[in-house]
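# Structural features, examined
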Amino acid sequence: LARSLLSEAGVRSYMALARPRDLPDIGDFVSPDVYTHVLVYVPLSRENALWLDFSKQFNGCGIVDEAIEGSMALVLVGDRYELKEVRGCCLNGLSADYLFNLDSKGNARCELEFRFYGGYGDLRNSFRNTQTREETVHSYFGEFIPSLGIDTYAIENCDTWDSPLAVKLKGDCYALTPA
């Protein structure tokens, strides 16, 4: 369907098959049975391409499953094939900003902001349910800082893939450092 829509818009695209990079090398063996992902390969120039991965419900344009990032895909071009390295347009990752104001007892007032990119953005599913969102925030950030008491939190970009998922919170950390 994606290839048909792209073709109607005048955009060349090709079906591609990929498999997780941590699976054993298959050498020169070529068979659809050894591949786990079906992708759409859109060449943008000789050096750059856009990979469309529909394996997850909320993958954004150019975001590929982390397991196949950097793997070699079999791109089907007419009656031949080419091997191309799968590169999503967004790197998977996490970035964070921390601000801690320590008091004389070793406690801290903190402000945290975490941004989840690429495949890590799948956490959107965990934060999407408004009935369990607060529990999820406490559970997730409590793993980093066990004594964290959260006063307020905000979640941004939960329903879009154009920007990283951002989770911001303010709270207190008790006995963070020895007094």
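Only a predicted model underlies this, so the values are computations on that prediction, with no experimental measurement involved.

## Remarks on unusual backbone geometry
In the Ramachandran plot, asparagine 157 falls in the positive-phi region, its phi being about 65 degrees despite a non-glycine side chain. Tracing the backbone shows asparagine 157 in the loop between strand S8 (148–156) and strand S9 (165–173).

## Notes on the pairing of strand S4 (residues 72–77)
Pairing of strand S1 (residues 14–18) with S4, which is carried by 2 bridges, proceeds in the antiparallel orientation. When the sheet's bridge partners are listed, leucine 17 is paired in S4 with leucine 74. Examined bridge by bridge, S4 and strand S5 (residues 80–85) share 6 bridges and lie antiparallel to one another. If you follow leucine 74 over to S5, its bridge partner there is leucine 83. Taking the residues that link successive antiparallel strands as the turn, the S4-S5 hairpin has 2 residues, and the phi of glycine 78 there is positive, at about 60 degrees.

## A word on the environment of leucine 83
You can see leucine 83 is positioned in strand S5. Remark: the alpha-carbon pair of leucine 83 and serine 71, spanning 12 residues in sequence, is separated by 9.8 Å. Contacts of leucine 83, omitting those with residues within four sequence positions, involve Met72, Ala73 and Leu74.

## Quick word on the environment of glutamate 134
Position of glutamate 134 relative to the elements: it lies in helix H3 (residues 133–144). We classify glutamate 134 as partly exposed; its relative accessible area is 46%. Residues glutamate 134 and alanine 154, spaced 20 residues apart in sequence, show a C-alpha to C-alpha distance of 9.9 Å.

## Section: the nonpolar core
Core analysis: the biggest nonpolar cluster contains 17 residues, and Leu112, Phe127, Val137, Phe141, Leu148, Ile155 and Leu169 have the highest contact counts within it. Broken down by element, this core gets its largest block of residues, 5 residues, from strand S7 (residues 108–117). Excluding anything up to four places from it in sequence, isoleucine 155 contacts Phe127, Arg133, Val137, Leu165, Ala166 and Val167. With 12 residues, the next largest nonpolar core counts Ala16, Trp51, Ile68 and Val75 among its residues.

## Notes on the pattern of salt bridges
One pass over the full model with this rule turns up 10 salt bridges. Between aspartate 151 and arginine 109 there is a salt bridge, with the nearest N and O atoms lying 2.4 Å from each other. Of this pair, aspartate 151 sits in strand S8 while arginine 109 sits in strand S7, and the two are 42 residues apart along the sequence. Residue class for aspartate 151 comes out partly exposed when judged on its relative accessible area of 47%. Here the residues in one salt-bridge network are Glu69, Glu85 and Arg87, joined through shared partners.

Reading the values: rules and limits
Residues numbered from 1 in each chain as written. Predicted model: local features only at pLDDT ≥ 70, side-chain atom pairs only at ≥ 80, totals over all residues. Heavy atoms only, no water. Helix = DSSP H or I, 4+ residues; strand = E, 2+ residues; numbered from the N terminus. Pairing = 2+ DSSP bridges. Contact = heavy atoms within 4.5 Å. Buried < 20%, exposed > 50% of the residue type's maximum accessible area, 1.4 Å probe, protein only. Core = buried A, V, L, I, M, F, W, Y, C linked by side-chain atoms within 4.5 Å. Salt bridge = Lys/Arg side-chain N within 4 Å of Asp/Glu carboxyl O.

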